[in-house]
Amino acid sequence: APVGVYMGAASSTPSPAPSTPSPAPSTPPSNNITIISSLVGLREVDAAIASAEAALQKLRQRRGLLLQWRRRRRLPKQREGAEVGRAAQKPSCSFPPASTVRGEPGQADVRLRHPFCEAVRTPLPSGSLSELAAEGVSDVAVLPSLLVPCCAHSGTTFLWRCMQYAFHPERVCGSVADRAGCEGGRCGKQRRSGRVAVYAPLAADWSRSACGSRRYLLPGLAGNVQGHWDYRKEWFFYGGGGAAWPKGWEDYAGVELPLCYWEREYQRLLRVRPLADTLAHSRALCSSAQPSGEKPWWQRGPRGGGPCTHRACLPLDMRKIRFGPEFDGEYDRETSPRWQVQATKALPRLDPSEHPGAVVPDFTPNYLCSVKSLRNLRLSVGAPRHWRLLLVMRTPLDALTSSYKMFVQWGWVRSANLSSDVMPQLRRLRRCNPRLYDSPELLGSLSDEQVLRYFESCWGDGVWRNFVTNSLHYVCLRAWIAAGFSREQLLLLSSEKLRTLQAHELVDALANFTGLHHNAPLLATRREELSAQCEAPDSAANRAAWLRRRQRSKSSKAPLVNTHRDFNGSNAQVRSRLDTNALAEFTRLPGAPQGF
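Residue numbering note: each chain is counted from 1, following its sequence as written. A pLDDT threshold of at least 70 governs which residues receive local features in this predicted model, and a stricter bar of 80 or more applies before side-chain atom pairs are shown or counted, although totals over entire chains, interfaces and linings include all residues. Side-chain metrics in this entry use all non-hydrogen atoms of the structure; hydrogen atoms and water are not considered.

Caption draft 1: Fine view of the side chain of T309. Turning to its location among the elements, T309 is positioned in the loop between helix 9 (275-286) and strand 8 (313-317). Setting aside anything within four residues of it in sequence, one finds T309 in contact with L112, H114, P115, F116, C117 and C286. Secondary structure elements follow DSSP: runs of H or I no shorter than four residues count as helices, runs of E no shorter than two count as strands, and numbering proceeds from the N terminus. Residues are treated as being in contact if the distance between any of their heavy atoms lies within 4.5 Å.

Following this line, the structure appears as structure tokens:
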């Protein structure tokens, strides 16, 4: 009845009145015929949709089985090719054993089989590797000692890619030789001069006996939902928006992995292993009952004793997780367990006397202006003298507007415009300390204790919505110096300067400051590759190289800094402009003497 009423009401032109009486119709009115036909048509369409969806589901399952079959057929060939073509690069440890996604017999399909291990509050050893070797330490998770605590949208990802390339141990510990002196897959491409790069792809090549005292970059690893591993840029352990600190130091150290997991070839071959094997290995890494025999320091169990789950692991609801397209068909969500567990991170564990050259980085760009980060770091490990801090910086106004525009693009911002956020934050800053707000140049005359008190009282935790304090870098920098870091431990890199440096100039500057080894002869054999990694995409050299290659590639490289300049969704261009009053008030503060 409601449908009939609605259909009658929807008629815009009433039927004309008949001129002569007509007999009662023997068939339903045309409106009812239309309704019944429409309902029949809808049922047919719904049935067709259901049939199509069932057929599509079957095709997806069939595609998954075909992908699994193809991967299993392809795996032996890939491994055989790797062993023949890269004999010298054969991984130095075995792969996870064959297994199933179901886990151990009788294991319950629950979110977390064992409670998390008790949080460890004792910091990791913070001494240099040479100091730890002198103390007789033989096995240690190496704490990051090269920090890039600032600043977002300034080029930290560009710097990360460059340093990964130039200071990777396979290049730092490599050499240059004639083609005749090369060993299979260790050699780079032949150059006209006949000299080629001889890489050091194995963990054994990075030891003292093979690499000497050369220092190289050895980032921690990040584990994904498929049980694969790759280098990790940002850790967010001390603070800056992350929630890792309450989990304890075992969350920073991560699960225990052999050094071969840092070999690029091992990482590549691990990605073609069956998904069931890598998932089972993640479960084993996260369990306190590991087959290694000797229990790591984090395997103390919960307070009541018994087995526990590593703090660096996460339970995964497989009904919500999406694998990569090449792996999605390998996990049958209908018959396989709902819950798996993911090992998320791992710092390298080394014998300091055997691998004295490892330098572990942490490129978390939110540390600098986070009160929590500085407090946690200062009260746990202090300011170790061998640490180095690289700060990639832009002008405060550029940092302010680009961060706001990014969060508009992400849909996080609810304010009408940037000014409506900036003005209340500036008023809060003034209420916190009117004297320093009105005369910011006085910051340079304060004692270390006064600077730390001002920083902890008036700054936030570095979370994304603190647009003003996250952009006033000079106060944050002064606080880190007050906490014990010396000026010699800091290197400030301007984003504008990064755009103009040639690759060898940048690598030289980084090597001189960090102590990492610049293997110039080896990198010189791959000049164009080094330029692609360590020169700004809009530099003269890279621009010319791109113009030469544009016939083969229609797309240019990503910009040095993702300023979100071209994004105009949600009226972002207009919303990210400061009005006259906000602009004048904000630019007055960064223009003050920095006291540095």
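Caption draft 2: Region of interest: the sheet that holds strand 7 (residues 229-231). Here, any two strands with at least 2 DSSP bridges between them count as paired. Strand order in the open sheet formed by 3 strands is 7-6-10, with antiparallel pairing between adjacent strands. Unpaired on one side and paired on the other, strand 7 and strand 10 (345-346) mark the two borders of the sheet. Pairing analysis gives 3 bridges linking strand 6 (residues 221-223) to strand 7, with the strands arranged antiparallel. Among the inter-strand pairings, L221 is bridged to a residue of strand 7, identified as Y231.

Caption draft 3: A look at the nonpolar core. Each nonpolar core is a collection of buried residues, namely Ala, Val, Leu, Ile, Met, Phe, Trp, Tyr and Cys, held together in the definition by side-chain atoms within 4.5 Å. When accessible area is computed with a 1.4 Å probe and restricted to protein chains, residues below 20% of their type maximum are described as buried, those above 50% as exposed, and intermediate ones as partly exposed. Counting residues in each nonpolar core, the largest one holds 130 residues, and the members touching the most others are M163, F167, W229, Y238, W262 and W459. Contacts of W459, omitting those with residues within four sequence positions, involve C369, V371, L429, Y454, T469, L472, V475 and C476. Core analysis: the second largest hydrophobic core is formed by 11 residues, L275, L279, L316 and Y331 among them.

Caption draft 4: Spatial organisation of the pattern of salt bridges. Salt bridge, as applied in this entry: a Lys or Arg side-chain nitrogen positioned within 4 Å of an Asp or Glu carboxyl oxygen. Taken as a whole, this structure holds 16 salt bridges when the rule is applied. Salt-bridge contacts for R349 lead to D139; the nearest nitrogen and oxygen are separated by 3.5 Å. In this pair, R349 sits in strand 11 (residues 349-350) while D139 sits in the loop between helix 3 (129-134) and strand 1 (140-141), placing the two residues 210 residues apart along the sequence. The partner of R264 in a salt bridge is E170, and the shortest N-O contact between them spans 3.8 Å.

Caption draft 5: Focus on the pairing of strand 2 (residues 146-150). With 5 of 5 residues buried, strand 2 is to be regarded as a mostly interior element. Bridge count between strand 2 and strand 13 (residues 361-362): 2 bridges; the pairing is parallel. Its bridge partner being in strand 13, L146 is matched across the sheet by P361. Taken together, the 3 bridges between strand 2 and strand 14 (residues 388-393) define a ladder with parallel strand orientation. Residue pairing in the sheet places L147 in a bridge with L389 of strand 14.

Caption draft 6: Region of interest: the packing of aromatic side chains. Between the rings of Phe, Tyr and Trp (Trp by its six-membered ring), a pair exists once the centres lie within 6.5 Å; its type follows the angle of the planes, with under 30 degrees stacked, over 60 edge-to-face, and the other angles tilted. A full pass over the atoms with the stated rule returns 28 aromatic pairs. Here Y238 and Y367 contribute two aromatic rings whose centre-to-centre distance is 5.7 Å and whose plane-to-plane angle is 65 degrees, an arrangement assigned as edge-to-face. With Y238 in the loop between strand 7 and helix 7 (249-253) and Y367 in the loop between strand 13 and helix 10 (371-380), this pair connects stretches of sequence that are 129 residues apart. When its relative accessible area of 1% is taken as the criterion, Y367 is described as buried. On the basis of an interplanar angle of 50 degrees and a centroid distance of 5.8 Å, the ring pair of F323 and Y331 is categorised as tilted. The structure contains a cluster of three or more aromatic residues connected by ring pairs, namely W235, F237, Y238, W245, W249, Y252 and Y367.

Caption draft 7: Representation of the pairing of strand 9 (residues 339-343). Taken across its 5 residues, strand 9 has 5 buried, putting it largely inside the fold. Note that strand 8 and strand 9 share 5 bridges and pair antiparallel. The partner of P315 across the bridge, within strand 9, is V341.

Caption draft 8: Representation of the state of the cysteines within the structure. Cysteine sulfur pairs qualify as disulfides if the two atoms are within 2.5 Å. Summed over all chains, the structure comprises 8 disulfides. Across the disulfide from C173 sits C211; the S-S distance is 2.0 Å. Here C173 and C211 share a disulfide; its torsion about the S-S bond, -85 degrees, makes the bridge left-handed. Of this pair, C173 sits in the loop between helix 5 (169-172) and strand 3 (175-178) while C211 sits in helix 6 (residues 208-211); the two residues are 38 residues apart in sequence, bridging distant segments of the chain.

Caption draft 9: How the structure looks around the sheet that holds strand 13. Pairing within the open sheet is parallel, and its 4 strands lie in the order 13-2-14-15. Bordering the open sheet on either side are strand 13 and strand 15 (490-494), each of which pairs with just one other strand.

Caption draft 10: Seen up close, the environment of S380. Structurally, S380 is set in helix 10. You can call S380 partly exposed: its relative accessible area is 22%. Those residues within four positions of S380 in sequence are excluded, and the remaining contacts are P123, Y238, W245 and W249. Whenever a nitrogen or oxygen atom comes within 3.5 Å of another N or O atom, the pair is scored as a polar contact, on the condition that within protein one atom can donate a hydrogen and the other can accept it, and that pairs from neighbouring residues in sequence are kept only if both atoms are in side chains. Within the structure, the side chain of S380 is placed 3.2 Å from the backbone oxygen of L377, a separation counted as a polar contact.

Caption draft 11: Quick look at helix 9. Given a helix with a known number of residues, its expected span is that number minus one, times 1.5 Å. In this model, helix 9 (12 residues) spans 17 Å end to end at C-alpha, consistent with the 16 Å of a helix rising 1.5 Å per residue. Within the span of helix 9, buried status applies to L275, A276, D277, T278, L279, A280, S282, R283, L285 and C286.

Caption draft 12: Spatial organisation of the packing of helix 14 (residues 448-458) against helix 16 (residues 473-482). Every axis in this analysis is a line fitted to C-alpha atoms, fitted for helices over the stretch in contact. Angles between the N-to-C directions lie between 0 and 180 degrees. Closest axis-to-axis distance for the helix 14/helix 16 pair is 9 Å, and the angle between their directions is 130 degrees. One way to sum up the angle between helix 14 and helix 16 is to call them oblique. In this structure, helix 14 crosses over helix 16, and the sense of that crossing is left-handed. Seen from helix 14, the contacting residues are D448, V451, L452, Y454 and F455; seen from helix 16, they are V475, C476, R478, A479 and A482. The class makeup of the residues in the contact of helix 14 with helix 16 is 8 nonpolar, no polar and 2 charged. The scheme is simple: roughly parallel for angles under 35 degrees, roughly antiparallel for over 145, roughly perpendicular for 65 to 115, oblique for anything else. The hand of a helix crossing depends on one turn: near helix anticlockwise from the far one by less than a right angle means left-handed, and clockwise means right-handed. Basically, the charged four are Asp, Glu, Lys and Arg, the nonpolar ten are Ala, Val, Leu, Ile, Met, Phe, Trp, Tyr, Cys and Pro, and anything else, Gly included, counts as polar.

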